[in-house]
Amino acid sequence: MMTDSAAPPSKPDVRPMTDVDWEKVLRSGALAGLMLSFIAAIGMVTVLDERTMIDPWLSLGYLALVWVPVFFGFTAASEPTPDGGISPVKGERDLLSGLVTGALAGLCFSFFIVLIDTYDMTDIFSNLLPRLVDLLTFDRGIGVAAAIWIVGCALLGLCGGAAQVVSARVKRMLSWAFVGVAIVAMLEAVIIDLSQGLRVEFVTDFMYAKNGGLTTGAAIILGAIFGAAGFQSSDKTFDQRRQERMSQPKEVLLRKNMVAAGVAILAVIFVPMVVGGLTNELLANVGLFVLLGLGLNIVVGSAGLLDLGYVAFFAVGAYTTAILTSPLSPYWVPELTLDFFSWEDWFWKGWVIVAVVLVMAAISGILVGTPVIRLRGDYLAIVTLGFGEIVRILFLSDWLSPYFGGAQGVTNIPSAAIGPVEIQGTSSQSIFYLTAVFVVIAIYVAWRLQSSRTGRAWSALREDEDVAEAMGINTTAVKLTAFVTGAVLAGFAGMIFAVKVGSVFPISFKLLVSIIILVIVIVGGMGSIAGVIVGAVVLIGVLGGPTQPGLLQEFGQFKLLIYGALLVIMMLKRPEGLWPSVRRQRELRHEELNQDAWLTGTPGTDEEEDDA
Amino acid sequence: MSHILQIDQLRKGFGGVQALDGVDFHIDKGEIVSVIGPNGAGKTSFFNTITGYFSPDSGSIVFNGLNIGGHEPHEITGLGIARTFQNVRLFPNMTVLENVMVAQHSRTSTGIFGTLLNTRGFRKEEAEIEERAKEILSFFGQRLKGYRWDQPAFVLSYANRRRLEIARAMGTQPELLLLDEPTAGMNPRETAEMTELIDRLRTERGITVVVIEHEMRVVREVSDRVVVLDHGVKIAEGTYETVSTNPDVIEAYLGRPAEAGSA
């Protein structure tokens, strides 16, 4: 093994079959078997079996299993290429590694099936139901099932190993085909919604089976289409293409961005009209969390202040709106409604609420911010976490229940209106439009501030607080500005949330909400506006929010597990996020960039030229 | 009076260690003064106390007639004292130009509302900030010019990082600049260039400079006056020639001669 990285690349000999790293294969196989057993034991297979991906033979439950041997086969065959080393030659040994890994995984998993079939362990592991055994044995008896799993996993592992061997282009083709089909199957509800809106139901009637899932025919056709697209696609990675895009002249880039923004705005205006209630509900939830994410992104992403109590400002916005509008809140008599450009009534009354929410959120930002702002890093995180909980408990307390209603919260929040158009909480479409308006404002705010005196001060603060101070930046004031800006955006999100739900309860403002907003920002890409949107779409749209169901509703109870797994994977593989800001990417990749530059001989690090 | 900075009986201790033990110091406008001394003599503590990172235990620091002892660092920067750091501390992920732009924070004023409303004042100020940053960077000749403007600071070579740090300090538009070992780790050619640069700071920019330096050739060439610190105490002051032959200074650097030690 060792000798190979030093071997000259001019000797393209395929390594002998015997040169398999057996220890690694054994480890990968056992891990894969454990992973399979874990997924089955937590009940994922049984629950996700409800959702058919490809009718009639592949459910989401089985899909949750089949990726495991493929993935472990792939990693068992691969060898980490040391930085700057020469990649080892791929060959039959990779296939063998994958095959054996898969077979081992199947073997371990068969043991697990035999185990749960023989002993009744439902007392301890409540998810090991007879239904699970039926699913895992395909109703065929244990011997046949074991054989199926061993052979099946071996073949899947072989596929994983093969993915190491085939050319990049073929790999791209296959991955596009699989991912494409999976996405279309996942988006079933949205696509049917859309086709009904566009009156092209006959397409989806063909694509999707009656009781859910793609039909086999449609799956094959889609696979072929996506595969062909993947085969034709360029061999550049997303980041490389992005790099190229960014290095275009500024005017070209600006024009392209304008076009993209125009398309996005048109989509935001027209898509909700076409799609049905379900998609609109998803869109409204995503919009709400984009707004929250953009606010937190200013605090965490731009200024580098880790705020774990962000939900407090969301709660302040929601409760402020509830008290001003609900007829059931006793301490504010002239009940207002969120009525912008009112026809009949007082023209400004909606704006008063906006102004009060803004002021209250800003005040709470200052109140929470001032005592904690001198703390750094971990200390700040812990203290803000505490403040977030304090705010929730205050809203919950008996002491303040005459004002906030305690655990019963404030209900009967009336619907909002823009001119003659009523915005009912039950109509997701109108809520989405309201959210979209505020998201656009938030994007504008975030974008303008990025390259301004304030934005630069935030960056400096994030990079080195002491030095920022030496550069004449009043770090306390600048931090507080970030805190308040974030708080105001969260306050607006709270306002929309109150109207959407029609009532506010302390239970809606748990720590979990802060964490989920933070995960959106991290997964999307800290400091990146587009990243927040991508993060919210992926997490809230697909997996679902703290209480809101997402596209994969079946994931419901496993949502937090997936969030956690996703976060760990992101931290290991792509710490800068799905759509990182340029600066953040630099920060986390700059050693790699230097390394690459050194390897390829292009000067990334400028050496002192002899020009003077 | 003509002293731009006047320090009397400055003391600063950390527990048992007396980093500064009654230091008197003054510098006139347009002067270049070197502060030298063996490692641990209190040179950097001296800078940190002047710039507000440490508040003095006793003694006064008077800058342009104003006692600045105990003020916040950003206030002191605002009054016109800038500094660099011994171990270069740039904002590595910001571009070269942004590094100098951000330094003008205390000389500019647009807040959030001006930015959001994109007022004329904001646009004018942004343009001025950028213009001034480019002008400051051009002080370093071709070193930090052109394509370098948009490069992140971490790609710069070591010597260029040192230069950028000085450029950033110049961005705060100081009257008094404190340079903490500006030539540390540089090769002889770069050191010579830096020596010339320090002199140009005074002649072209009118900046008064205090420099901590270990490289004696630099000290000899740039300084009008040399102050020697040892164990928080000023042990000598004067021209390079007088200081370099002062027996106390030699003792501080090399230790007591053997025959004197036995006495």
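All of these numbers come straight from a predicted model, not from anything done at the bench.

**Student:** When you look at the overall build of chain B in this model, what are you seeing that I'm missing?
**Tutor:** Along its length, chain B carries 11 helices and 10 strands. By the compact-globule yardstick of 18 Å for 263 residues, chain B fits well, its C-alpha radius of gyration being 20 Å. If one aligns the C-alpha atoms of chain B with their principal axes, the spans along those axes are about 75 × 40 × 35 Å. Within chain B, buried positions represent 46% of all 263 residues. Partitioning the intrachain contacts of chain B with sequence separation of at least 6 by distance along the chain shows that 65% fall at a separation of at least 24.

**Student:** Mind showing me how you'd approach the domain arrangement of chain A here?
**Tutor:** Interfaces are often sized by the amount of accessible area the parts lose when they come together. All names here are of chain A. One can read the domain layout of chain A as domain 1 (1-6 + 13-165), domain 2 (169-233) and domain 3 (277-537). Domain 1 puts 6 residues into the contact, and the matching count from domain 2 is 10 residues. Split by residue class, the side of domain 1 that touches domain 2 holds 3 nonpolar, 1 polar and 2 charged.

**Student:** Would you explain the domain arrangement of chain B in this entry?
**Tutor:** Residues and elements named next belong to chain B. For chain B, the assigned domains read domain 1 (1-80 + 175-263) and domain 2 (90-173). Summarising the inter-unit geometry, the C-alpha centres of domain 1 and domain 2 are found 27 Å apart. Contact with domain 1, which involves 9 residues of that partner, is made by 7 residues of domain 2. When contributions to the side of domain 1 that touches domain 2 are tallied by element, the ones reaching two or more residues are α2 (73-79) and β7 (176-180). Looking at the side of domain 1 that touches domain 2, the element that brings in the most residues is α2, giving 3 residues.

**Student:** Help me understand the environment of Gly52(B) in this model?
**Tutor:** Residues and elements named next belong to chain B. With respect to the helices and strands, glycine 52 occurs in the loop between α1 (43-50) and β4 (58-63). Along the sequence, glycine 52 and alanine 19 sit 33 residues apart, while their C-alpha atoms lie 15 Å from each other. Look past the residues within four positions of glycine 52 in its chain and what remains in contact with it is His71, Glu72, Pro73, Glu75 and Ile76.

**Student:** Just checking my understanding: could you explain the sheet that holds strand β1 (residues 3-14) of chain B for this structure?
**Tutor:** Where strands meet in a sheet, backbone hydrogen bonds hold them as pairs that are either parallel or antiparallel. Residues and elements named next belong to chain B. Strand order in the open sheet made by the 4 strands is β2-β1-β4-β5, with antiparallel pairing throughout. Each edge of the sheet is formed by a strand with only one pairing partner; in this case those strands are β2 (17-28) and β5 (66-67). Sheet strands touched by α1: β1, β2 and β4. Its angle to β2, the strand with the most contacts, is close to 65°.

**Student:** It is not clear to me how the interface of chain B and chain A should be interpreted in this structure. Could you clarify?
**Tutor:** Each partner contributes to the interface: chain B provides 36 residues, whereas chain A provides 32 residues. Listing elements by their share of the side of chain B that touches chain A, those giving two or more residues are α2, α3 (96-102), α4 (112-117) and α6 (158-171) of chain B. Take the side of chain B that touches chain A: its biggest share by element is 4 residues, from α2(B). Taken together, the residues of the side of chain B that touches chain A sort by class into 15 nonpolar, 16 polar and 5 charged.

**Student:** I keep staring at the pairing of strand β1 (residues 52-55) of chain A and nothing clicks. Help me out?
**Tutor:** Walk down a regular strand and you will see the side chains alternate between the two sheet faces. All names here are of chain A. Bridge analysis of β1 against strand β2 (residues 58-59) gives 2 bridges, and the strand direction is antiparallel. Looking across to β2, one finds that threonine 52 is bridged to serine 59. Between β1 and β2, which follow one another and run antiparallel, lie 2 residues. As paired elements, β1 and strand β3 (residues 214-215) share 2 bridges and run parallel to each other. Each bridged residue has a counterpart across the sheet, and for aspartate 55 the counterpart in β3 is threonine 215.

**Student:** For this particular structure, what's the right way to read the sheet that holds strand β10 (residues 233-238) of chain B?
**Tutor:** All names here are of chain B. Strand order in this open sheet of 6 strands is β6-β7-β8-β3-β9-β10, and the pairing throughout is mixed. Looking at which strands have only one partner, the edges of the open sheet turn out to be β6 (81-83) and β10. Averaged over all neighbouring strand pairs, the angle between strand axes comes to 20°, with direction disregarded. Relative to β10, strand β9 (residues 225-230) runs antiparallel, the two sharing 5 bridges.

**Student:** What is the right way to look at α6(B) in this model?
**Tutor:** All names here are of chain B. Across its 14 residues, α6 extends 20 Å between first and last C-alpha, which sits within 8% of the 20 Å expected from 1.5 Å per residue. The element α6 is extensively covered by neighbouring structure, given that 12 of its 14 residues are classed as buried. Contacts made by the buried residues of α6 are with β6, α3, α5 (120-138), β7 and α7 (188-205).

**Student:** For this particular structure, what's the right way to read unusual backbone geometry?
**Tutor:** When glycine is set aside, most residues are seen to have a negative phi, and most peptide bonds are trans. In this chain, Asp55(A) is followed by Pro56(A) through a cis amide linkage whose omega measures 0°. Positive phi, normally seen in glycine, also occurs at Asn412(A), with a value near 60°. Mapped onto the secondary structure, Asn412(A) falls in the loop between α18 (401-404) and β5 (416-418). Although it is not a glycine, Gln9(B) adopts a positive phi angle of roughly 45°. Note on placement: Gln9(B) falls in strand β1. Judged by the 13 C-beta atoms lying within 10 Å of it, Gln9(B) is partly exposed.

Reading the values: the criteria
- Residues numbered from 1 in each chain as written.
- Chains lettered and ligands numbered in written order.
- Predicted model: local features only at pLDDT ≥ 70, side-chain atom pairs only at ≥ 80, totals over all residues.
- Helix = DSSP H or I, 4+ residues; strand = E, 2+ residues; numbered from the N terminus.
- Rg over C-alpha atoms; globule rule 2.2 N^0.38 Å.
- Buried ≥ 20, exposed ≤ 12 C-beta atoms within 10 Å, placed from the backbone.
- Contact = placed C-beta atoms within 7 Å.
- Domains from an automatic or database assignment.
- Nonpolar A, V, L, I, M, F, W, Y, C, P; charged D, E, K, R; others polar.
- Pairing = 2+ DSSP bridges.
- Axes fitted to C-alpha atoms, helices over the stretch in contact; angles between N-to-C directions.
- Expected span 1.5 Å × (residues − 1).

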